[in-house]
Amino acid sequence: MARGVIAAFLGIFLALRIEAAMVSVLVIETGLSGEEEKKQHSRVWENSLLDAFFNEGHIVTNAPIMRIKCVAKGEIPEEAMAEMEAALEGGAGFFFLAQLDYTPGEKTPREIGFAFFKIKPFGKIFERRLAGKSYRTAKEETDNLRSIAQGLIPQLKF
């Protein structure tokens, strides 16, 4: 009896294909001067993305939020290549880039771009752009960003 239960239990887990990917996340702020402090909205985005990947069972790492002048849409900027190489050396199979395009003086970005890259062999597997949005409360912002981040997870293709 016990062997049958154990065999059935193992059979269920072996039949289900459970996969976890190692994903490295990088958030980039653009449109801001180098002297300005990192935006709180960028930190909320970063946390939302990390939580979404982790909650789906993926192994997730991140690099510090980066600020650069501009990014070619859908490409990894030269300034971020070292972070992607570090992710590869650390065993990551995927690199997720979130670009937050700010207007100076604004708290939230005017546009957000996302791109998934498979690291080896290298290639872009997904890209999406969203218009920025203002929020009435911190909870509304957090809930909305988590929902968006969760919706990006199915784009992770092995």
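Residues numbered from 1 in each chain as written. Predicted model: local features only at pLDDT ≥ 70, side-chain atom pairs only at ≥ 80, totals over all residues. Heavy atoms only, no water.

**Some details on the environment of Phe 96**
Our working definition: Per the convention used, a helix needs a DSSP run of H or I reaching at least four residues, while a strand needs a run of E reaching at least two, with both numbered from the N terminus. In this scheme, a residue with accessible area under 20% of its type's maximum is buried, one over 50% is exposed, and one in between is partly exposed, where area comes from a 1.4 Å probe on protein chains only.
By the element assignment, Phe 96 lies in strand β4 (residues 94–101). Judged by its relative accessible area of 0%, Phe 96 falls in the buried class. Along the backbone, Phe 96 and Ile 119 are 23 residues apart, and their C-alpha atoms lie at a distance of 9.9 Å.

**Structural notes on the side chain of His 58**
Condition: Two N or O atoms form a polar contact when they lie within 3.5 Å of each other; inside protein one atom must be a possible hydrogen donor and the other a possible acceptor, and for residues adjacent in sequence the pair counts only when both atoms belong to side chains.
Among the secondary structure elements, His 58 is positioned in the loop between α2 (40–55) and β2 (59–62). With a relative accessible area of 7%, His 58 lands in the buried category. In terms of polar contacts, His 58 uses its side chain to reach the backbone amide nitrogen of Ala 21, at 3.0 Å.

**A word on the packing of aromatic side chains**
Threshold: Any two of the Phe, Tyr and Trp rings considered here, Trp counted by its six-membered ring, make a pair once their centres fall within 6.5 Å; the pair's planes then place it as stacked at under 30 degrees, edge-to-face at over 60, or tilted in between.
By the definition in use, this model includes seven aromatic pairs. Both rings, one in Phe 53 and one in Phe 96, keep their centres 5.6 Å apart while their planes meet at 70 degrees; by these two values the pair is edge-to-face. Highlighted residues: Phe 53 in helix α2 and Phe 96 in strand β4, separated in sequence by 43 residues. Residue Phe 53 shares its accessibility class with Phe 96, and that shared class is buried. Between the aromatic rings of Phe 96 and Phe 116, the centroid separation amounts to 4.6 Å while the plane-to-plane angle is 70 degrees, which identifies the pairing as edge-to-face. In this pair, Phe 96 is assigned in strand β4 and Phe 116 in strand β5 (residues 111–118), connecting sequence segments 20 residues apart.

**Points about the packing of α2 against helix α4 (residues 138–152)**
Selection criterion: Axis lines are fitted through C-alpha atoms, for helices just across the contact stretch, and the angle between N-to-C directions can take any value from 0 to 180 degrees. For classification purposes, an angle smaller than 35 degrees is called roughly parallel, one larger than 145 roughly antiparallel, one from 65 to 115 roughly perpendicular, and anything else oblique. Left-handed describes a crossing whose near helix is turned anticlockwise from the far helix by less than a right angle; the clockwise case is right-handed. The contact rule is simple, with two residues in contact once any of their heavy atoms fall within 4.5 Å. Residue classes follow a fixed rule: Ala, Val, Leu, Ile, Met, Phe, Trp, Tyr, Cys and Pro count as nonpolar, while Asp, Glu, Lys and Arg count as charged, and any other residue, Gly among them, counts as polar.
Between α2 and α4, the shortest axis-to-axis distance is 8 Å and the interhelical angle comes to 45 degrees. The pairing of α2 with α4 is recorded here as oblique in orientation. Considering only the axes of α2 and α4, their crossing is right-handed. Across the interface between the two elements, His 41, Val 44, Trp 45, Ser 48, Leu 49, Asp 51 and Ala 52 of α2 pack against Glu 141, Thr 142, Leu 145, Arg 146, Ile 148, Ala 149, Gln 150 and Leu 152 of α4. A breakdown of the residues in the contact of α2 with α4 according to their chemical character gives eight nonpolar, four polar and three charged.

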